[in-house]
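A look at the structure
Residue strings, one per chain:
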Amino acid sequence: MKTWIAFWNILKKDVRNYYLKPPNISWGIIFPLSWTLMQMLRSYGGVNLAEIRNLLPGLISMSVLFGTTSMLAVTITFERRGRSFERLLLAPISLSAMVAAKLSGAILFGIFNAFVPVIFAAFFVDLAGINWGAVLLAVFLIAVTSTLLGLMIAVSAKEVFEAQTFSNFFRFPMLFLCGLFIPISSLPVFLRPLSFLLPLTYGTDLLNRWILGASMMSPALSIVILLGFAAALFALCQYNIQRKWIL
Amino acid sequence: MNTQEIVTVTNLTKRYGDFTAVDNISFSIRRGEIVGLLGPNGAGKTTTINMMIGLARPSAGSIFINGLDVVKNPKKAQAVIGIVPDESNLYGEMDGFDNLCFCGALYGMTKAAREKRARELLDQFDLTKAGKRPFRAYSKGMRRKLTIAAGIIHEPEILFLDEPTTGIDVESARQIRRLLLDLKGRGTTIFITTHYIEEAERVCDRIAFIVDGRIVARGTVSELMESITHGHTLRLAVDTDLTPFVEKLQARFGDCGVELQSSNAITLTCKERIPLSPILQYLDGMGVSVFEVRELRPTLEDVFVKITGIEAARLRKEKEKGGLGR
């Protein structure tokens, strides 16, 4: 019960202090919208509304990736600089519970970001027949793994600008390597193994299956791999936090 | 462990590579007392406190708080301690009341309990009016007070304070010292690190001096003072030039050392307490009127300087300039 009270209040504090701030809400809306429009214009030489559905898996993945990684890495680095993070480290709750609370805020923000292109698309194309429960599961798994990548960055960075730089170092290659806008089969052969080392590849593949009806792997396999990535990243983050934050 | 001891630190050491920040220190804190760790910047005060609260891992040694092994089980120990760090580290965006409630929630307090306690604390710390203002708009003194309030919202058995009055105005510092004594009166055990000698002298029951990671002296204020006092000294101020009388006084009071301080003031130092009337009668017989007699006792600052070789004024200036803390 005590852990739950602490968990809930850390989450609530993060949502109020960071995620519900106007700049972040506008980022969460404008960023996915601009990418949606840009992709539509770039891919089809003009606004082709019918093709928007094909762009959705990539846009959703990208929105989640950018939303989660930027926010978590920046908020944690910001709190560490102001030393308010020490309060969380010194609270009598397990490190896992505290980290899970911090992750939850970013995951929720990522999920919110994911549905901005969906809502936009819903105005122009028929999205009937999509299993939204399955899409939500895929979005959730992408959000979890991306947030954990953000946490890995936060553990390594000392300054906010470092966190942003590290985030971009990971995120931009992932846009091209994970099948968001360029199919993995179209990538040079030597780059393809790299794609399969990145969790976003499996998340995007799930979205491709449940939005477009086609995927490289079976959904069950992608889900298992994503859960494996999440567990491994969580363990790695815990280890790094113990090593770097408790000196 | 003595049942009266709430904290026991044994052979505590912290190394960063080749550098030893804390070097094999041992001490204990009894329930309900205020213990101060006094030392210059870089002496190892903050490293010691960080190890005691579970924010740093000792390289060697053990720490027990209320029977709980802090090294093996820091989270259990953290439930019974309150922490006031050297910087006011609450959330700038949140107001005072919400900050206190959030800190209460971290200790698992229910909404009703933490809100009630937050109101009580705001009242106790004279911050009720500022309760709805964002923390970032607080003055330094107010920030410090709210940070202390946050440290005790869950009514900890032992409170750790790292430099609680550094950089704040005199009135706020005085108020904080009163609050600490009030907390002690309510049974809270307090461990405080400070570089202000007079603060340690005013609030601490026992003091340890730490220099270069080692505890070089410890005891109550009077024990520490006795450690450098070798006898009792009286200072007499008179109306006449005493220069011609020094030898006579020395001959008359052979067991004491007589020293001329100025032309009309002398000191007499003896191993035993000095009876006053023979001296006064003797001087009166010589036509010398005594205006003032004062027993000279060393201050804690004298003790600190004597033991550590560090000038107290330098200690204060270093910290106020914002030197390296540890």
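In case you missed it, the structure is sitting above this.
Remember, predicted model here, so these are calculated numbers, not experimental data. Counting of residues starts from 1 at the beginning of each chain's written sequence and follows it residue by residue. Key to labels: chains lettered from A, ligands numbered from 1, both in the order written. Given that this is a predicted model, residues contribute local features only at a pLDDT of at least 70 and side-chain atom pairs are listed and counted only at 80 or more, while totals for whole chains, interfaces and linings are drawn from all residues. Side-chain numbers come from the whole structure's heavy atoms, not from hydrogens or water.

**A word on the packing of aromatic side chains**
Given two aromatic rings, their pairing is described by the distance between the two centres and the angle made by the two planes. Pairing of aromatic rings covers Phe, Tyr and the six-membered ring of Trp, with a centre-to-centre limit of 6.5 Å; geometry is then stacked below 30 degrees between planes, edge-to-face above 60, and tilted otherwise. If you walk through the whole model with that rule in mind, you get 16 aromatic pairs over all chains. Considering the side-chain rings of A:Trp4 and A:Trp8, the 6.4 Å spacing of their centres and the 25° angle between planes classify their relative orientation as stacked. With A:Trp4 and A:Trp8 both in helix 1 (residues 2-19) and four residues apart, the pair spans about one turn of that helix. With a centroid separation of 6.0 Å and an interplanar angle of 40°, the aromatic rings of A:Tyr202 and A:Phe229 are classed as tilted. In this pair, A:Tyr202 sits in helix 9 (residues 199-212) while A:Phe229 sits in helix 10 (residues 219-244), placing the two residues 27 residues apart along the sequence. For every residue, the accessible area (1.4 Å probe, protein chains only) is compared with the maximum for its type, and the residue is labelled buried under 20%, exposed over 50%, or partly exposed between those bounds. Under the relative-accessibility criterion, A:Tyr202 is labelled buried at 6%. With a relative accessible area of 21%, A:Phe229 lands in the partly exposed category. Put simply, the rings of A:Trp4, A:Phe7 and A:Trp8 pair up and form one aromatic cluster. Throughout this description, the term charge over a ring refers to an Arg CZ or Lys NZ atom that lies within 6 Å of the ring centre and within 35 degrees of the ring normal. In this arrangement the basic side chain of B:Arg252 is found over the ring face of B:Phe253, its NZ or CZ atom lying 4.7 Å from the centre. Secondary structure elements are taken from DSSP: a helix is a run of H or I of four residues or more, a strand is a run of E of two residues or more, and numbering for both begins at the N terminus.

**Focus: the environment of B:Leu224**
Here B:Leu224 is to be found in helix 8 (residues 221-228). Considered as a pair, B:Leu224 and B:Ser88 are 136 residues apart in the sequence and their alpha carbons are 32 Å apart.

**Observations regarding the state of the cysteines**
Residue and element names in this part refer to chain B. Note on disulfides: each one is a pair of cysteine sulfur atoms within 2.5 Å. This model, assessed by the stated rule, comprises one disulfide over all chains. Between the sulfur atoms of Cys 256 and its disulfide mate Cys 270 the distance is 1.7 Å. Its S-S torsion of approximately 95° makes the covalent link between Cys 256 and Cys 270 right-handed. Note that Cys 256 is positioned in the loop between helix 9 (246-252) and strand 12 (257-262) and Cys 270 in strand 13 (residues 265-270), a separation of 14 residues in sequence. One exposure class covers both Cys 256 and Cys 270, and it is buried. The thiol of Cys 101 is not disulfide-bonded; the next cysteine sulfur, from Cys 103, is found 9.4 Å away. Classification of Cys 103 as buried rests on a relative accessible area of 2%.

**Let's talk about helix 5 (residues 95-122) of chain A**
Spacing of three or four residues puts side chains on the same side of an α-helix, whose turn is 3.6 residues. Here helix 5 of chain A spans 41 Å end to end across 28 residues, near enough to the 40 Å set by a 1.5 Å rise per residue. Summarising burial for helix 5 of chain A: 21 of the 28 residues are buried, a large majority. A helix's residues, less one, multiplied by 1.5 Å, set its expected span.

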